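Commentary on secondary and tertiary structure
So you can see what is in the structure, the chains are spelled out below.
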Amino acid sequence: MYATRFVQDNFKDELLRSSQLFHCSFNCLFAWYGFESRAAILATHRGKPILFLAGTVLFKRPATGIGLPMDRLVYVVSGAHLKWNEPGDRLRATESGEYVARNVVPTRMAMGRDGTMYLAMPRFKSGVPFTLGTVEYDPCMSTIEPPISPYPCAAAHRSQPRSNSNWTVVNVVDVHMDDIGLLWALDVGKVNLLDDAVIIRPPMVFAFDTDTDEVVRAIDLSRVTMVTSCLQSIVVDRNTATGRQFVYVADAGLGNVIVYDVGCDRSFKVHVPVGPCGRRDVMYMALAKAHVMDVAAGGGVAHHQRLYVTYLSSCEMMYVPVDAVDESTVSLATVNIGRKPCKMIVLGTDHGSVVYFRTGDTSDIRSWNVNKPLHEKNFRQVQRCRKLRTPLMVTMGFRGYQWFMESNFVDFFVGDIGCLGVSTRIQPLLTIVEDVSCSMMDPISNANCSTLCGPS
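Residues numbered from 1 in each chain as written. Predicted model: local features only at pLDDT ≥ 70, side-chain atom pairs only at ≥ 80, totals over all residues. Heavy atoms only, no water.

Considerations on unusual backbone geometry
Our working definition: Strands here are runs of E lasting at least two residues and helices are runs of H or I lasting at least four, both read from the DSSP assignment and numbered beginning at the N terminus. Only protein chains enter the accessibility calculation, which uses a 1.4 Å probe; a residue whose area is less than 20% of its type maximum is buried, one above 50% is exposed, and one in between is partly exposed.
In this structure, P152 follows Y151 across a cis peptide bond, with omega equal to -5°. Looking at where P152 falls in the secondary structure, it is placed in the loop between β8 (149-150) and β9 (172-177). Even without being glycine, E145 reaches a positive phi, approximately 55°. For E145, the location among the structural elements is in the loop between β7 (132-135) and β8. On the basis of relative accessibility, which here comes to 25%, the residue E145 falls in the partly exposed class. Unusually for a residue other than glycine, R399 sits at a positive phi of about 60°. Tracing the backbone shows R399 in the loop between β27 (390-396) and β28 (402-407).

Written out as structure tokens, the structure reads:
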């Protein structure tokens, strides 16, 4: 015990670094390895500190998630590992068809201030027991295949007799965490999206208080949608000066962005044109801050909030001047900022002026600062991704890191997925910042715009 205490007192920092344990207390290290009272000394191997415990050499642990520093923390989640209330629930759900592991596909995520992840798992097909899940952050537990728990509870995802079905979570396709800890979930209200879709109720937006796990707001979108609507994503913005909050929902089916004023409980639609080529398919939104010369203020720089929008198959990039919205606004027009030099599949922002995207022919993540012209010379490569995985999104998360989500979800859509389902990786974005030439990306030209702007 004396040797253990001696090491704790004198080599704590070095041992924590060498063992790559963070947040976990030093006693947790000893208890986890089962070395509570053995002698320990510090040594080095090839210039790196290692830990000798009773003649056993413990080198740095492999990248399995447990004990890694924040910038190397990796989560791997899948539909094969869900949390069940009772031991027999999984078997019963599997036999009844309520649970099919390969059909549970995490596609979007949001992170809370405490590191908790909230996952949207759309009901593309039957067999998804819950469509909104959560993975808790625990530095002393493995992050490889942690169980996904239903959020806010399993009962919220099942229709209850003699209850208001509008409060049942039907099919969440996107989530967003705002700056005060509210989780906003976009629920399209219909299931089996890839088969014969079944409409359960009108589309809704739910706001959950992540401290109490209670629904604090439910927004009915039936007033601004139609049967042909295709709601795809949600962005929430709060004006720090006025305190007013707005919810933006992408409706690619009608070609609109739905703008909902939370305080006034009213909404209107902004039409997003396709442009000279392409078609309405996937609509991407990215909220970013543009620095604009303010002539009225004597030539100073003003920070304008803009909602950048584009379609997958469109050749144009536009923005909605959402900073101009006030109590009397009933409509807005998009502003075209120019032709995209290549296909841009928008992944997210840094909550500032940087938009992250990927192109149609590569999985690498690139960035563009909206305060620079939309030209390939202003694109930067920030993350090289694995060939067998496709980046789905980038979002601001735990401890100020930007986290990205990637998976082999393409295999699911082409029907080439195993019984364990899609494997999804979630980890911090490690910026490398390299210039990217347009020759490395999927170009767009007037001659073959209709072909090159097709689906990726």
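Notes on the packing of aromatic side chains
How we decide: Any two rings among Phe, Tyr and Trp, with Trp reduced to its six-membered ring, count as a pair given centres within 6.5 Å; such a pair is stacked if its planes are under 30 degrees apart, edge-to-face if over 60, and tilted if neither.
This structure, assessed with the given rule, holds 12 aromatic pairs. Consider the rings of F206 and F208, whose centres lie 6.2 Å apart with planes at 40°: the pair is tilted. Residue class for F206 comes out buried when judged on its relative accessible area of 1%. With a centroid separation of 5.7 Å and 50° between ring planes, the pair formed by Y308 and Y319 is classed as tilted. With Y308 in strand β20 (residues 300-311) and Y319 in strand β21 (residues 316-320), this pair connects stretches of sequence that are 11 residues apart.

Digging into the environment of M405
The cut-off we apply is this: Whether two residues touch is decided by their heavy atoms; if any such pair falls within 4.5 Å, the residues are in contact.
Along the polypeptide, M405 turns up in strand β28. Sequence spacing of M405 and L392 is 13 residues, and the spatial spacing of their C-alpha atoms is 5.5 Å. Filtering out sequence-adjacent residues up to four positions away, M405 remains in contact with P106, T107, R108, M109, L119, T390, P391, L392, M393, T424, R425 and I426.

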